[in-house]
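Here is what each chain is made of, one letter per residue.
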Amino acid sequence: MNSLPDLSIDDFRSFFMAVNGHEPFPWQERLARQVEDTGWPALLDLPTGAGKTAALDVAVFALALDAGRPQRRAPLRIVYVVDRRTIVDQAHARAEGALRHALRCASSPVVASVRDRLASFSAAKNPLATVLLRGGIARDDSWARTPDQPLIVVSTVDQVGSRLLFRGYGVADSMRPVHAGLLGHDVLFLLDEVHLSNPFRETLTAIADRYRGWAERSLPVPFRVVEMSATPGSRGIEVFHLAPSDHEHPTLARRLHVSKPAVLVETPRRGFANAVEAQVLPMLAGPGATVAVVVNRVRSARELHARLRGVVAPAVAVHLLTGRMRPIDRDALEASVVPRVKAGRQRRADDTPIVVVATQSIEAGADFDFDGLVTECASIDALKQRFGRLDRLGALAGGARGAI
């Protein structure tokens, strides 16, 4: 048997830089070391914009470190679950476009070491496979035929949850136990925006604490659930927080401490549309402005979309984004809108101003970055999430504006 290339936790920084093109934040490096030393914490309590999706990089690197050890601690399958299709697509793009692509190219010695160590798990010598599970796309269950394959699954709650419970949309009866078995053993669940998925969290807890213990002969493979949220609440579990070094990091500090001034506008229900319009119009005055209007009901979103289009179109592009859209319509809309509002884009003064009218489907985790935000009043947790889409990376240095 060929010996595996050397790899240590000290190589994580170089691996991360090779994959992402920039250095990790202090918390990302600290988490990698904690996972190697003592294992995963129960909860990652990280503010919006802190880069929670990098947990995928940590999980892949931890699995590579475990290659060749007598007792493997890192799960072979990494399942990233979030109850928002937009975030699912963005997380899968990271897994496929950054991690898997980097391993294929292996442009640095440390990435080549990770690739070879991951490939040692698979009979096919494939270092990493990725799969996207959500509605509205062609189903691909080939991942379930290679149980020895290092794998990242990015899924909505319904897709992976139904498989865990011996169902599965479109899964043949004969394959249901296979899907349930693969997702019930040797798995790390990264449950993002956990406040959106409490029933699924409770289901995973029951599987871990109760049902896995029913086996007459248990499998010596890990099963771990890690919750992630910017608004997790408190339940007395082990929590991973940011440290002072994170608040001192120049890039992360700009995101965490940027000023986002907001006004509170009190208005009767009948005057709601007028009040929203009055707040939106001044925000569109800047060149290439991007403004989000977030409301609590689909009906309100549709009415405001029609009203704002009648007022500012065609000089301003006005789009509607709700959870009830047909998948084909949503995909077409996101293809045209996402490049204009994606975090990290280059803002250009000659861009047509844009307004996105949305429901809660936009508020949690999505990597969007608006110059202005007008939101209907909601719970404090929901407002925190919505304001996480306002000057997400701190690029406007306090020039963003919000209204509640």
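Anyway, here's the lowdown on the structure attached to this text. The model shown is predicted, which means the values in this text are computed figures rather than measured ones.

1. Structural notes on the sheet that holds strand 5 (residues 187-192)
Each strand in a sheet pairs with its neighbour through backbone hydrogen bonds, running either in the same direction (parallel) or in the opposite one (antiparallel). Read across the sheet, seven strands follow the order 3-4-2-5-6-1-7 without closing on themselves; strand pairing throughout is parallel. The outermost strands of the open sheet, each flanked by one partner alone, are strand 3 (129-133) and strand 7 (239-240). Two elements, strand 2 (residues 77-81) and strand 4 (residues 151-155), share five bridges in a ladder whose sense is parallel. Along strand 4, the bridge assignment pairs valine 79 with valine 153. Each of strand 2, strand 3, strand 4 and strand 5 touches helix 4 (residues 85-105); the most contacted strand, strand 3, lies at about 165° to it.

2. Some points on the side chain of aspartate 57
Here aspartate 57 lies in helix 3 (residues 55-66). At 3.1 Å, the side chain of aspartate 57 forms a polar contact with the side chain of asparagine 20. Not counting residues within four places of it along the chain, the set of residues in contact with aspartate 57 comprises Phe12, Phe15, Phe16, Val19, Asn20, Arg94 and Leu99.

3. Points about the environment of alanine 400
For alanine 400, the position within the fold is in the loop between helix 14 (380-387) and strand 13 (401-403). Each C-alpha atom of the pair alanine 400 and arginine 210 lies 48 Å from the other, and the pair is 190 residues apart in sequence. Excluding residues within four positions of it along the chain, alanine 400 makes contact with Pro261, Asp371, Leu390 and Asp391.

4. Concerning the packing of aromatic side chains
The final tally for this structure, using the stated rule, is eight aromatic pairs. Taking 5.4 Å as the distance between ring centres and 40° as the angle between the ring planes, the aromatic pair formed by phenylalanine 15 and phenylalanine 61 counts as tilted. Here phenylalanine 61 lies in helix 3 and phenylalanine 15 lies in helix 1 (residues 12-20), a separation of 46 residues in the sequence. The same class applies to phenylalanine 15 and to phenylalanine 61, which are both buried. When the ring of phenylalanine 189 is compared with that of phenylalanine 200, the centres are 6.3 Å apart and the planes differ by 75°; the resulting orientation is edge-to-face. With phenylalanine 189 in strand 5 and phenylalanine 200 in helix 8 (residues 198-209), this pair connects stretches of sequence that are eleven residues apart. You can call phenylalanine 189 buried: its relative accessible area is 1%. According to the relative accessible area criterion, phenylalanine 200 is buried, its value standing at 6%.

About the thresholds
Residues numbered from 1 in each chain as written. Predicted model: local features only at pLDDT ≥ 70, side-chain atom pairs only at ≥ 80, totals over all residues. Heavy atoms only, no water. Pairing = 2+ DSSP bridges. Helix = DSSP H or I, 4+ residues; strand = E, 2+ residues; numbered from the N terminus. Contact = heavy atoms within 4.5 Å. Axes fitted to C-alpha atoms, helices over the stretch in contact; angles between N-to-C directions. Polar contact = N/O pair within 3.5 Å; in protein donor to acceptor, adjacent residues only side chain to side chain. Phe/Tyr/Trp six-rings, centres within 6.5 Å; stacked < 30°, edge-to-face > 60°. Buried < 20%, exposed > 50% of the residue type's maximum accessible area, 1.4 Å probe, protein only.

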